[in-house]
Amino acid sequence: LQGIFVLGLPYALLHSGYSGLLLIVLAAALCCYTGKILIACLYEENEDGQLIRVRDTYEDIANACCKKLSPNLGGIVVNVTQVVELIMTCILYLVVSGNLLSHSFPYVPVTESTWSVVAFVTLLPCIFIRTLKIVSKLSQLCSLVHFVIILVVITYCLTQMHQWSWAKFRLSVEFEDFLVSIGVIIFSYTSQIFLPTLEGNMKNPGEFRCMLNWTHFFACVLKTTFALTAFLTWGEKTKEVITDNLPSFLETLVNLCLLTKALLSYPLPFFAATEIVYSCISKGNHSNYRSPLLALTVRGSFLLLTLLMAMFTPHFALLMGLSGSVTGAAMTFLLPSLFHLKLKWKNLSFLEKCADISAFILGFLCSLAGIVCSIKGLLEAFG
């Protein structure tokens, strides 16, 4: 899920200057922290003081926090938020695929929407995916392709070291541009939606916190290196998607790699979204939950929905920014810190409470800034 945003990091540095480098590090630490407190909400101490996993999903955590208001209110809010974010992500991958195919084969006289249909056809087997095991294998291939893309860009940038200059960094930045940079940097780290399932499927869940620390550390190092080398290479000419700065022979190669990555990335959010809806429809009806026909119907409907929205939604990128500012910030910062305070208040130290409150406030400010920028962009786009 992070690949699209990672390619925009050099552009974010263009508009945030030296503060952007600090933001990349702070965002890694903050997202790592909210991931840990979210998983902590799955556990409660028993009579012997041992931590026992009493909840399995984000929905369970939300229901536990809102049970006094309504037994299922929290779960409904979380599920709707998750599905919206996941489906919007799937649509984005289709839009990006159509765009990449159009740029890779400019001599073929078809529109981007038609190319999106071509990408859609290659994704039809997704309706037959029944387990996370298949999705994990596709995600491994996706990570490999992502590494190749980063390696190609960094290698080319290193060949241009003779023209690097730290003078390209800004000391002062425009406030609105800085807000856009914050959004790109923070949302390049988001993964909280998948963490409860990931932790629950680990052979040794006790290693989860260590795994989260190392993955965010290496992600921070890789993203800083990538963003820094690319920005030092192109400076003020840095484009929104850094691959557009590459020479034509490399750009075509990288665009095809990005297309492969987008198609391999699609199954994860698609599977997660359909599983949420499938389980909600089948809740309380065991026989329907086992129905292959129901599962195929749900997956097929969602697959078709993503295609229709990719083809006919005007200014989708701006709409994605608006929904992402709401759902992304909520699932990454607002809800984990709020749930942690609610469920663990009595056991938290003063510093832990301050950390949770700070994460909530930062998440709220990021969300508000993203909403304002996205609405302004939509108003300008629609005249």
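Residues numbered from 1 in each chain as written. Predicted model: local features only at pLDDT ≥ 70, side-chain atom pairs only at ≥ 80, totals over all residues. Heavy atoms only, no water.

### Side note on the environment of Ala-62
Piece 1. Here Ala-62 shows up in helix α4 (residues 58-66).
Piece 2. Along the primary structure Ala-62 and Lys-261 are separated by 199 residues, whereas in three dimensions their C-alpha atoms are 33 Å apart.
Piece 3. Contacts of Ala-62, omitting those with residues within four sequence positions, involve Gly-74, Gly-75, Val-78 and Phe-339. (Helix = DSSP H or I, 4+ residues; strand = E, 2+ residues; numbered from the N terminus. Contact = heavy atoms within 4.5 Å.)

### Description of helix α8 (residues 175-186)
Piece 1. Taking 1.5 Å per residue as the helical rise, α8 with its 12 residues ought to reach 16 Å, and the 16 Å between its terminal C-alpha atoms agrees with that figure.
Piece 2. All of the buried residues in α8 are Ser-181, Ile-182, Val-184, Ile-185 and Ile-186. (Expected span 1.5 Å × (residues − 1). Buried < 20%, exposed > 50% of the residue type's maximum accessible area, 1.4 Å probe, protein only.)

### Things to note about the packing of aromatic side chains
Piece 1. One pass over the full model with this rule turns up eight aromatic pairs.
Piece 2. Seen from their ring centres, Trp-214 and Phe-218 are 5.6 Å apart, and the 25 degrees between their planes marks the pair as stacked. Of this pair, Trp-214 and Phe-218 both sit in helix α10 (residues 208-234), four residues apart, which is roughly one turn of the helix.
Piece 3. For the ring pair Tyr-266 and Phe-270, a centre distance of 5.5 Å and an interplane angle of 25 degrees mean the geometry is stacked. (Phe/Tyr/Trp six-rings, centres within 6.5 Å; stacked < 30°, edge-to-face > 60°.)

### Examining a positive patch on the surface
Piece 1. A cluster of basic side chains, namely Lys-67, Lys-68, Lys-342 and Lys-346, defines a positive patch on the protein surface.
Piece 2. Its location among the elements puts Lys-342 in helix α15 (residues 316-344). (Patch = residues over 30% accessible without salt bridge, like charges linked within 9 Å, V, L, I, M, F, W, Y side chains within 5 Å. Areas by Shrake-Rupley, 256 points an atom, 1.4 Å probe, with all protein chains shown as cover. Salt bridge = Lys/Arg side-chain N within 4 Å of Asp/Glu carboxyl O. Lys, Arg positive; Asp, Glu negative; His and termini not counted. Charge placed at Lys NZ, Arg CZ, Asp CG, Glu CD.)

### Here we look at the packing of helix α12 (residues 267-282) against helix α14 (residues 292-312)
Piece 1. One can describe the packing of α12 onto α14 by two numbers: an axis separation of 10 Å at closest approach and a directional angle of 130 degrees. Accordingly, the angle class assigned to the pair α12 and α14 is oblique. Read as a crossing pair, α12 and α14 show a hand that is right-handed. Residue-level contacts link Phe-270, Ala-273, Thr-274, Glu-275, Val-277, Tyr-278, Ile-281 and Ser-282 of α12 to Leu-294, Ala-295, Val-298, Arg-299, Phe-302 and Leu-303 of α14.
Piece 2. When the residues that make up the contact of α12 with α14 are grouped by side-chain class, the tally is 10 nonpolar, two polar and two charged. (Axes fitted to C-alpha atoms, helices over the stretch in contact; angles between N-to-C directions. Parallel < 35°, antiparallel > 145°, perpendicular 65-115°, else oblique. Left-handed = near helix turned anticlockwise from the far one by under 90°. Nonpolar A, V, L, I, M, F, W, Y, C, P; charged D, E, K, R; others polar.)

### Details of a nonpolar patch on the surface
Piece 1. Taken together, Leu-338, Ile-357, Phe-360, Ile-361, Phe-364, Leu-365, Leu-368 and Val-372 make up a surface patch of nonpolar side chains, about 700 Å² in accessible area.
Piece 2. Within the element layout of this structure, Ile-357 appears in helix α16 (residues 350-381).

### Digging into helix α7 (residues 132-158)
Piece 1. When the terminal C-alpha atoms of α7 are compared, their 38 Å separation across 27 residues agrees well with the 39 Å that a helix rising 1.5 Å per residue should span.
Piece 2. Along α7, the residues that are buried comprise Val-135, Cys-142, Val-145, His-146, Ile-149, Ile-150, Val-153, Ile-154, Tyr-156 and Cys-157.

### Some remarks on the pattern of salt bridges
Pairs may arise between side chains of opposite charge once their charged atoms sit close together.
Piece 1. Within this structure, the stated rule accounts for four salt bridges.
Piece 2. With a closest N to O distance of 3.8 Å, Lys-344 and Glu-44 form a salt bridge. Here Glu-44 lies in strand β1 (residues 43-45) and Lys-344 lies in helix α15, a separation of 300 residues in the sequence.
Piece 3. Judged by relative accessible area, which is 25%, Glu-44 ranks as partly exposed.
Piece 4. Between Arg-53 and Glu-199 there is a salt bridge, with its nearest N and O atoms 2.9 Å apart. Here Arg-53, found in strand β2 (residues 51-53), pairs with Glu-199, found in helix α9 (residues 195-200); they are 146 residues apart in sequence, far enough to count as distant.
Piece 5. Since its relative accessible area comes to 2%, Glu-199 is described here as buried.
Piece 6. Put simply, Glu-44, Arg-55 and Lys-344 are held in one network by salt bridges that share partners.

### Brief notes about the packing of helix α11 (residues 248-265) against α12
In a packed pair of helices, the relevant descriptors are the angle between the two axes and the axis-to-axis distance.
Piece 1. At their nearest, the axes of α11 and α12 sit 5 Å apart, and the two run at 15 degrees to each other. On the basis of their axis angle, the class for α11 and α12 is roughly parallel. When α11 is examined against α12, the residues Leu-263, Leu-264 and Ser-265 are found in contact with a partner set consisting of Pro-267, Leu-268 and Pro-269.
Piece 2. Of the residues assigned to the contact of α11 with α12, the class counts are five nonpolar, one polar and no charged.

### As for the state of the cysteines
Piece 1. Here the structure, examined in full by the defined rule, presents zero disulfides.
Piece 2. Here Cys-31 stays free of any disulfide, with the sulfur of Cys-32 as its closest cysteine sulfur at 8.9 Å.
Piece 3. Residue class for Cys-31 comes out buried when judged on its relative accessible area of 1%. (Disulfide = S-S within 2.5 Å.)

### Thoughts on the nonpolar core
Piece 1. Within the largest apolar cluster, 54 residues are counted, with the highest numbers of intra-cluster contacts made by Leu-94, Tyr-266, Phe-302 and Phe-339.
Piece 2. Elements supplying a minimum of two residues to this core: α3 (18-40), α4, α5 (73-104), α6 (112-122), α10, α12, α14 and α15.
Piece 3. Looking at this core element by element, the count peaks at nine residues for α5.
Piece 4. Those residues in contact with Phe-339, other than ones at most four positions away along the chain, are Cys-41, Tyr-58, Ile-61, Ala-62, Cys-65 and Val-78. (Core = buried A, V, L, I, M, F, W, Y, C linked by side-chain atoms within 4.5 Å.)

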